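Results of the structural survey
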Amino acid sequence: MANTSTPINFPNDADSMSKKKGKEWNLQFQRAIWSSSQSYGCLTDDWINRILSLRVQGQGNPDIDKFKNILANDGNSAFMNLAWDVSTPIPTVVENIVGQYINQGFKVDLFALNPESKTEYDKKKREMQLNKFLASKSEEIKELTGKAPKVNEKEVFESEEEMELHLELNWKQDECISMEQGISFVHNANDEKEIKSLMIRDLVEINIAAKRVYFDETLSIRERYVDPLRLLTSYSRKDDFSDIKYAGEEIFFTIDDLASMTKFTEEELADIAQSNASKNGNGAWNRDWEKRYYPDNSSSQRPYGDFQVRILDAEYYSYDTLQYEKIPAKKGNGYYFQKVKDGKPKSSKNKIFSKRIKTVYHSKWVIGTDYIFDYGLKENMLREKIKGSYSTDTPLSFAIYMPNNRDMKCKSLVEKMIPYANEICIMQLKAQQLIAKMRPNGVAVDVASIAGAIAGLGEKGFTPRDLQLLYEQTGNYYYSSMTEDGRMIPNQTPIRELPESLMQGLSQIINMTNHYLQQLELVTGVPLSTIGSPDKDALVGIEKMKTINRNNSIRFIEKAYKNILGRTSKMVALMIQDALKLEKGVNDFNMAIGSASTDVIKLAEKVHLTEYGIFINVLPDAAEQAKLEQQILQALQAGTIKQSDAMRVTRIGKESIELAERYMDLYERKYSKERQELAATSSQAQAQAQAQSAALIEQAKQQTIALEWDRKDNHLMLEYKLKANQSLQDHEEEMDKVEEQGEQKIEQIKTAMQNAQVGKGDKGEAIAGSIPKAAGIRQPKVPQPIA
């Protein structure tokens, strides 16, 4: 059934749930969606043409026809011998940005927001504080009890800051770790890297990206890239499309696909095939097929089985009021709640409670026909758990983001680059034109000055046209320095060289090309010098500033992808809980993340309602890691950090530069403190050593003095002894000498007395004066007799 230009109204949202689940209500909604899409927003001709054009420009294939009209005055380019296959800088910029974000890691971090998980965090922190206390009192406890307490040495930290950093980096609730593993498994199983690449390219080229998360027929979690060219949504004023009423995706199925997934009869399949004949790349319809094939109900004889059919797969919001009947228990005073079906309670006496919730309906419509399938209330709708109860809100399976959405319009980076890229293309073509018109450097010949030149040409009847052709072929130009009235033109030489006048124009084209390149950098904020290798003569600081400006100018791409990844990761987390609750995909998760982690997720669902806060962290890129490694190297060279700590900081930096810097600051302060303590200990040991050395020196000095005194005493004693011995010897010798002298004197006296006796005779006279002087003896006086 063909579409009409008459707008189709949406069905009444206040209809009963039973009616909303029916075919007519969903078919009307689908037709209303399709009708609205033809007048504004997605899937309009302008929207589709814009996307196709931007993608072609992003691949480096500009529209050449408009350049032909510019270069040819009358629009006729038949005589323009130019290479129209010119290149633009757009693909280089696009590929560089896409490659940058493909290489940029993104990590999904989960934090449990429920009070129980907060209590677990506090409990772990108290355990570590107790561990630290026991480590500090270990010796005292051992002395009192005779047994040392059990201490985990790896979790003994000096300060609260170090403890909190350790918890932030290394500790997380078991359910969060298990859920992170589950989300990573789902992302990897659905080739998230390829989806990421396609979405980043869409954000660069057309400034919108979309992704879809859903359960397949086996309740396996699937993620799929959604092409914005086939996307259909209601009007949105928000970048994340959180205010839309519906969203759909135009997809293609073959007739054989429809036969396998629906209950359409062969007659209905043939009708659908006939309505799509000569469309979507399908062949023409053969009238004989109506009589020969579809009544056989044989897919092997279905000649139109490969016909492509356009299907609109859509989801749309509605609001339904659920009624619950309070039913008394048969025994006792208890009661229970039971959902009221079709507005008919079991008893009119029972109290009825109503709750209005947001619901999602879905359907798949064969566009342009009355055929619709897989319609009704969506199963397994996702609802967050808030403060112990389920939310009344639920998301669609689509996650869409359009940066700087203004009335469903936006402008991408490629769109901003096109005007200047076109001018660069024109400059390339103009340069070709100019080069094609260049001639060899010729000479100007004065035919009046050398009249024989004309005759020497051997031609008669030379015309100005002939001279022009001669110039075109040789670059030589013949002219006359004499006017028609016979006057001579002054200051003329017979022959002079003619310079190439077009070189100046080529220089101007080069200057204009550089100007447009600068303008391209200005409108995109992406310096071309940061795309290739940096200029070796450029200052490091200038290149750094360019890189920072570039990252800031394309930050919206990172924001958009993080938003989509965060929302879809949250949906996956809720879907994992639902799948495990329904015992679907348990074996897959057991093999992927382990049975223990799977049990943790299931137990967390049963014990308490875990509320997750999901954050998307951007892992450091190569430039940020290189900068961190440079800082670490400088710290090592300055001696402010240990080698082992530097290796830890490097490992942390692969996850978070901020945490790595905090750890580096902590390790530097710890190492500084260690060095101060070591210096103090060394100084104290050195002082003790110096004191001991001084004491030993003093002792040695005292010993030396004592030995010196002993030596002196011994020397004096020896000297005294020697002197005494010498004096005794001298005395003996002197006594011997005196004795000898005495004997000599006695002999002399004797001799003298003998001589005197001989002179006086034997009369016995007085002998006074009779001792000779030679005897050396004083002669005594003889007293005179008293008268």
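The shown structure was predicted, so the numbers you read here are calculated from the model rather than taken from an experiment.

**Side note on the nonpolar core**
Soluble, globular proteins show a tendency: their nonpolar side chains are buried together. Membership of the largest hydrophobic core comes to 51 residues, with the highest contact counts inside it found for Ile97, Val204, Ile208, Ile400, Val414 and Ile557. Those residues within four positions of Ile400 in sequence are excluded, and the remaining contacts are Ile208, Ala209, Ala210, Leu231, Thr233, Asp239, Asp240, Phe241, Ile244 and Arg567.

**Describing the confidence of the model for the protein**
Overall, the predicted model of the protein reaches an average pLDDT of 75, with 69% of residues at or above 70. Per-element confidence in the protein is highest for strand S12 (residues 398-401), whose mean pLDDT is 95, and lowest for helix H15 (residues 452-456), whose mean pLDDT is 51. Note that residues 532-540 has pLDDT below 50 and, in this model, four contacts with residues that lie over four places away or in other chains. Taken as a whole, residues 762-770 scores under 50 in pLDDT and shows eight contacts with residues more than four places along the chain or in a different chain.

**Observations regarding the pairing of strand S8 (residues 351-366)**
With 16 bridges joining them, strand S6 (residues 308-328) and S8 adopt antiparallel strand pairing. Counted as the bridge partner of Gln323 is Ser354 from S8. Sheet topology note: the S8/strand S9 (residues 372-377) ladder contains four bridges and is antiparallel. Within S9, the position partnered with Tyr361 by the bridge is Leu377. In sequence, S8 turns back onto S9 through a hairpin of five residues, with Gly368 there showing a positive phi of about 85°.

**Digging into the packing of aromatic side chains**
Inspection of every chain in the model, using the stated rule, returns 11 aromatic pairs. Their ring planes at 35° and their centres at 5.7 Å tell us that Phe10 and Tyr246 sit as a pair that is tilted. You can see Phe10 sitting in the segment before helix H1 (17-20) and its partner Tyr246 sitting in strand S5 (residues 246-254), a full 236 residues away along the chain. Residue Phe10 is classed as partly exposed on the basis of its relative accessible area, which comes to 35%. The class of Tyr246 is buried, set by a relative accessible area of 3%. An aromatic cluster is defined as three or more aromatic residues linked by ring pairs; in this entry it consists of Phe10, Trp25, Phe29, Tyr246, Tyr316 and Tyr361. Positioned above the aromatic ring of Trp47 is the side chain of Arg50, whose terminal nitrogen or guanidinium carbon lies 5.8 Å from the ring centre. Lys358 extends its terminal NZ or CZ atom over the ring of Tyr317, reaching a point 3.9 Å from the ring centre.

Reading the values: the criteria
Residues numbered from 1 in each chain as written. Predicted model: local features only at pLDDT ≥ 70, side-chain atom pairs only at ≥ 80, totals over all residues. Heavy atoms only, no water. Core = buried A, V, L, I, M, F, W, Y, C linked by side-chain atoms within 4.5 Å. Buried < 20%, exposed > 50% of the residue type's maximum accessible area, 1.4 Å probe, protein only. Contact = heavy atoms within 4.5 Å. pLDDT = per-residue confidence, 0-100. Helix = DSSP H or I, 4+ residues; strand = E, 2+ residues; numbered from the N terminus. Pairing = 2+ DSSP bridges. Phe/Tyr/Trp six-rings, centres within 6.5 Å; stacked < 30°, edge-to-face > 60°. Lys NZ or Arg CZ within 6 Å of the ring centre and 35° of its normal.

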